[in-house]
Amino acid sequence: MKTTCKADIRSHCAVNYGVEIFGDRWSLLIIRDIIFVGKKTYGEFRKSEEGIATNVLASRLVFLEQQGILSRAPSPDDGRKDFYTLTAKGLDLIPIVLTIVLWSAKHDSESYVRRREAFVARLSQNPMQVSEEVKALVRNGGCIFPEIRE
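Computed from a predicted model, the values in this text were never measured in an experiment. (Residues numbered from 1 in each chain as written. Predicted model: local features only at pLDDT ≥ 70, side-chain atom pairs only at ≥ 80, totals over all residues. Heavy atoms only, no water.)

*Asks:* Explain helix α7 (residues 117–125) to me, using residue names and the numbers behind them.
*Replies:* Where α7 is concerned, the buried positions are Phe119, Val120 and Leu123. Considered in projection along α7, the buried side chains sweep an arc of 95° and stay on one side of the axis. For α7, exposure combined with an orientation more than 90 degrees from the buried face picks out Glu117, Ala118 and Gln125. (Buried < 20%, exposed > 50% of the residue type's maximum accessible area, 1.4 Å probe, protein only. Helix = DSSP H or I, 4+ residues; strand = E, 2+ residues; numbered from the N terminus. Arc of directions from axis to C-beta.)

Written as structure tokens, this is what we have:
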């Protein structure tokens, strides 16, 4: 993936900027994995059911780090592994991801999130409050559904 810098942005339309920085499928799925199931390492991201290719995963992680969405640090337990976490800029994407969840719950009759009725109902009723709670949770190393971590 070609690295996008400010000079490479096609236009400064707000939608275009977002799409160019985090709008590709794989970037959003990496962000999803951090928020929803607490994945932190390259190996954990590789195990996602969508089957991201190793070269694509590596390039997306580098790109998201360069764009200030992710930060990378060595694992305290195994220096050969890196941990990826959302930066403040990345945490600001949580309301967007949660809005996508609501849209999917409404329009995809097979959506996994429909099995989380209480979560969807609470998110529907108070999206800003839930977004802030999720931001705090993820900022502190947590995730929404730790029990489904692969």
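*Asks:* Just give me the short version of the environment of serine 11, but keep the residues and values in it.
*Replies:* As for its placement among the helices and strands, serine 11 is situated in the segment before α1 (14–22). Sequence-distant contacts of serine 11, that is, excluding residues within four places in its chain, are made with Asn16, Tyr17 and Glu20. (Contact = heavy atoms within 4.5 Å.)

*Asks:* Any chance you could break down the nonpolar core for me, citing the residues and the numbers?
*Replies:* By size, the foremost hydrophobic cluster in this structure holds 35 residues, and its most contacted members are Ile35, Phe36, Leu86, Leu98 and Phe119. Of all the secondary-structure elements, those providing two or more residues to this core are α1, α2 (25–37), α4 (54–66), β2 (82–86), α6 (94–107), α7 and α8 (127–139). With residues near it in sequence (within four places) discarded, leucine 98 still touches Phe36, Phe119, Leu123, Val130, Ser131, Val134 and Ile144. (Core = buried A, V, L, I, M, F, W, Y, C linked by side-chain atoms within 4.5 Å.)

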